[in-house]
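Topology and contacts: notes
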Amino acid sequence: AIPEKLSGDYPEVLEARGEVYIPLDRFEEFNGRQEAEGKRPFANPRNLAAGSIRQLDPRISAERPLAIFCYGVGEGGEWYESHSATLDALKSYGLRVNPHKVHEDIESVAEECAYWTRERASLGYQIDGVVVKVNSREQQLALGSVAKAPRWAIAYKFEPLAARTRLTDIIVNVGRTGALTPQALLEPVNVGGVTISRATLHNEDYIKEKGILIGDEVIVERAGDVIPQVVRAIPQERAGNEYPFEMPENCPVCGEPVSRPEGEAVTRCVNARCPAQALEHIIHWASKAAMDIEGLGEKVATKLFDLSLIRDAADIYGLRAEQLEPLEGFGEKSAENLVRAIERSKEQPFSRVLFALGIRHVGSVTAGLIAGRFGGEDLLRGVSVEQLTKIEGIGEVVARAVVAYFALEDNRSLVVRLMRAGLDLERTTGASQEGPLAGRRVVITGTLSRPRSYFVERLEEAGGTFTSSVSKNTDYVLAGEEAGSKLERANSLGIPVLDETAFEELLS
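Okay, so let's go over this structure. On a predicted model such as this, the values are computed, not experimentally measured, just so you know.

Some thoughts on the side chain of Thr165
Within the secondary structure, Thr165 sits in strand S7 (residues 161-174). Residue Thr165 is classed as buried on the basis of its relative accessible area of 7%. Of the polar contacts made by the side chain of Thr165, one reaches the backbone oxygen of Glu187; its length is 2.6 Å. Filtering out sequence-adjacent residues up to four positions away, Thr165 remains in contact with Leu186, Glu187, Val189, Asp216, Glu217, Val218 and Val220.

Following this line, the structure appears as structure tokens:
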């Protein structure tokens, strides 16, 4: 669907943006081949398209019946005066664009939306709405954007596809972050060509607010025509044997008590050794942003976990080369390289270890703030919410999450085993007292070219201090794209605002 060479008078640099999809007839053909080969068919075109463009092997993607509609231009977009002119130009270059209309008034737009609500089934592909955009590029620039959403465009979403069935039971799944999510078991029902037997119920509050009982007749919708969810019960159909759902007090996988922090809707298992979360914790632990163990990526971690060679992060430090060599994908050299990478990770500072533990709400920057005040033994002995919130940049939500984590015996045991393995759990030394930014307090906000932790490390190496909120005591604000309220406050207080180039000049 994308030509190898553009045609017409195209600019030297052109970043065309679009949406990949699969036509319905090609989807049916593909599923027919899947079934003929004894393979499982895909549920819908959207799942197949999304999975196809995520494939690491381009040969697999090439076998899939992918198509594309281009809908805009990134770099190079300044050449066009309007959105319609942009689409017309893309079409002239040989790129595929969706048929579009320019409307003179909002009444005409409303009529167009109503038309496609009625006629959506006549298209050769699935849609879940209509996008309405301001045509003038000048007006688009004047309107600007809020976070990632432009003020000059909006989606008119169709009513979700829905059907009626009976909710036979509610089970609880434990996700990779420990979230306990209620899931409805349903009498199978067809919704928009897909048979639905399970649907999300979001959380405990959602079930109570909707008054849903186990055994109810319910309405099931596919949100965005994809995700099945129970949207309401039909109480007038009750026979009297329906009963309410109760969230378990203990994790259904590991049996540890669950936690629902005040003000949050989600109940969680905070046991880091819970089997439902264990593999994801290991993958996070070894990642580049955490302990940076080269060679222990998702594929290798999954293999070692499935073979029961590792069950948690501490087990990684007991791996030996002779255990790895016989495994598929390993040889003598690769096994030794992995063991050396594991050994090197012991040199990571406690701030990295704390982030790698995967405590909810504790990112790399937050971990650095905590590690600058407390060491591993301090946290094991027990610190209070009040002690943690005295650290500038640490709020009550983060503090409660840290206290809850170290209150669990399994988590404490894991940290003790990591200490015995030789990891550095000493309090991270604070910022240098010397350097071009010694004594300066800097707030970092917005989207930058590198992870925020990179700029925090550079700042602290230069003697500066990272703070999370803008005040009269702030010396500089490093602002990336889409910086919001912190940038506005800095401007109102007259605090110097730096871009990345100015920040590097300060450091030098």
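That was the structure; now back to the text.
Remarks on a negative patch on the surface
Together, Glu104, Asp105, Glu107 and Glu111 give the surface a local cluster of negative charge. On the basis of relative accessible area, Glu104 is assigned to the exposed category, the value being 74%.

Points about the sheet that holds strand S15 (residues 465-467)
Taken in spatial order, the four strands make up an open sheet running S15-S14-S16-S17, and their pairing is parallel. Unpaired on one side and paired on the other, S15 and strand S17 (497-498) mark the two borders of the sheet. Across four bridges, the pairing between strand S14 (residues 441-445) and strand S16 (residues 476-479) is parallel. Across the sheet, the residue bridging to Val443 is Val477, located in S16. Packing of helix H18 (residues 452-461) onto the sheet brings it into contact with S14, S15 and S16, and relative to S14 it is tilted by some 170°.

Here we look at the packing of aromatic side chains
Summed over all chains, the structure comprises ten aromatic pairs. Plain terms: the ring middles of Tyr115 and Trp116 are 5.0 Å apart, the flat faces sit at 80° to each other, and that makes the pair edge-to-face. The class for Trp116 is partly exposed, based on a relative accessible area of 23%. Arranged with centres 5.1 Å apart and planes meeting at 75°, the rings of Tyr405 and Phe406 form a pair that is edge-to-face. By relative accessible area, Tyr405 is classed as buried at 4%. When its relative accessible area of 7% is taken as the criterion, Phe406 is described as buried. Over the face of the ring belonging to Phe305 we find Arg311, whose NZ or CZ atom lies 4.0 Å from the ring centre.

Parameters and conventions
- Residues numbered from 1 in each chain as written.
- Predicted model: local features only at pLDDT ≥ 70, side-chain atom pairs only at ≥ 80, totals over all residues.
- Heavy atoms only, no water.
- Helix = DSSP H or I, 4+ residues; strand = E, 2+ residues; numbered from the N terminus.
- Buried < 20%, exposed > 50% of the residue type's maximum accessible area, 1.4 Å probe, protein only.
- Polar contact = N/O pair within 3.5 Å; in protein donor to acceptor, adjacent residues only side chain to side chain.
- Contact = heavy atoms within 4.5 Å.
- Patch = residues over 30% accessible without salt bridge, like charges linked within 9 Å, V, L, I, M, F, W, Y side chains within 5 Å.
- Areas by Shrake-Rupley, 256 points an atom, 1.4 Å probe, with all protein chains shown as cover.
- Salt bridge = Lys/Arg side-chain N within 4 Å of Asp/Glu carboxyl O.
- Lys, Arg positive; Asp, Glu negative; His and termini not counted.
- Charge placed at Lys NZ, Arg CZ, Asp CG, Glu CD.
- Pairing = 2+ DSSP bridges.
- Axes fitted to C-alpha atoms, helices over the stretch in contact; angles between N-to-C directions.
- Phe/Tyr/Trp six-rings, centres within 6.5 Å; stacked < 30°, edge-to-face > 60°.
- Lys NZ or Arg CZ within 6 Å of the ring centre and 35° of its normal.

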